[in-house]
Amino acid sequence: VAAQTRTVLRQAWRDRVRTCLLLNKVDRLIIELELTPLEAYERLLKILEQVNAVNQQLVCEEVMARDAEATMRQGAAESAAAGEGIDLAAPELQFD
């Protein structure tokens with residue numbers, strides 16, 4: 001997958017725009033590169049797998065960013081509470 005394609009996918013992901021992958025000039029696989037139909041299919045399949053990998057990477061990055069943000073918010077809340085003398089820890093239950 002070319003760098004430009006990665007950039008466009010990232011921008012679309014960020015802007016929550018649905019993407020549509022267009023594979024053009026497919027005829028060149030057979031005419032110019034002289035691939036068999038099976039080889040052309042395998043080449044296209046590899047491209048689809050690469051695009052899916054880029055999309056999966058974007059999902060993982062978003063999840064990690066969300067988790068990091070939640071962790072920072074939790075840390076800020078704990079710091080603020082500690083400054084006020086408030087204990088945010090769950091009380092321990094004791095059973096007799």
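This is a predicted model, so every value here is computed, not measured.

**Student:** I'm lost on the overall build of the protein in this one. Help?
**Tutor:** The helix and strand inventory of the protein stands at three helices and zero strands. In the protein, the succession of α and β elements from N to C terminus is α-α-α. Among the 96 residues that make up the protein, the fraction classed as buried is 10%. Here the contacts in the protein between residues at least 6 apart in sequence split such that 56% fall between residues at least 24 apart. Surface accessibility of the protein: about 8400 Å² in total, with carbon and sulfur atoms responsible for 56%.

**Student:** Just to check I follow, could you spell out the packing of aromatic side chains for this structure?
**Tutor:** To describe a pair of aromatic rings, you give the distance between the ring centres and the angle between the ring planes. All chains considered together, the criterion is met by zero aromatic pairs. Lying across the ring of W13, R16 places its NZ or CZ 5.6 Å from the centre.

**Student:** Is there a simple way to think about the pattern of salt bridges in this case?
**Tutor:** Side chains that differ in charge, positive against negative, can pair when their charged atoms come close. Overall, the coordinates contain four salt bridges when judged by the stated rule. Here E61 and R10 are joined by a salt bridge, their closest N and O atoms 2.7 Å apart. Remark: R10 occurs in helix α1 (residues 3–14) and E61 occurs in helix α3 (residues 37–83); sequence separation between them is 51 residues. Looking at R10, the relative accessible area reads 41%, which means it is partly exposed. With its nearest N and O atoms 3.6 Å apart, the salt bridge here joins R28 to E32. In this structure E32 comes out as exposed when scored by relative accessible area, which is 54%.

**Student:** Sorry, what's going on with a nonpolar patch on the surface here?
**Tutor:** Where nonpolar side chains cluster on the molecular surface, the patch consists of L21, L23, V26, L38, Y41, L45 and L48 and spans about 590 Å² of accessible area. Residue position: L38 is located in helix α3.

**Student:** Help me understand unusual backbone geometry in this model?
**Tutor:** Residues other than glycine predominantly adopt negative phi, and peptide bonds predominantly adopt the trans conformation. Phi at K25 takes a positive value of approximately 60°, unusual for a residue other than glycine. Examined against the element boundaries, K25 turns out to sit in the loop between α1 and α2 (27–31).

Each value, and the rule that gives it
Residues numbered from 1 in each chain as written. Predicted model: local features only at pLDDT ≥ 70, side-chain atom pairs only at ≥ 80, totals over all residues. Heavy atoms only, no water. Helix = DSSP H or I, 4+ residues; strand = E, 2+ residues; numbered from the N terminus. Buried < 20%, exposed > 50% of the residue type's maximum accessible area, 1.4 Å probe, protein only. Contact = heavy atoms within 4.5 Å. Areas by Shrake-Rupley, 256 points an atom, 1.4 Å probe, with all protein chains shown as cover. Phe/Tyr/Trp six-rings, centres within 6.5 Å; stacked < 30°, edge-to-face > 60°. Lys NZ or Arg CZ within 6 Å of the ring centre and 35° of its normal. Salt bridge = Lys/Arg side-chain N within 4 Å of Asp/Glu carboxyl O. Patch = residues over 30% accessible without salt bridge, like charges linked within 9 Å, V, L, I, M, F, W, Y side chains within 5 Å.

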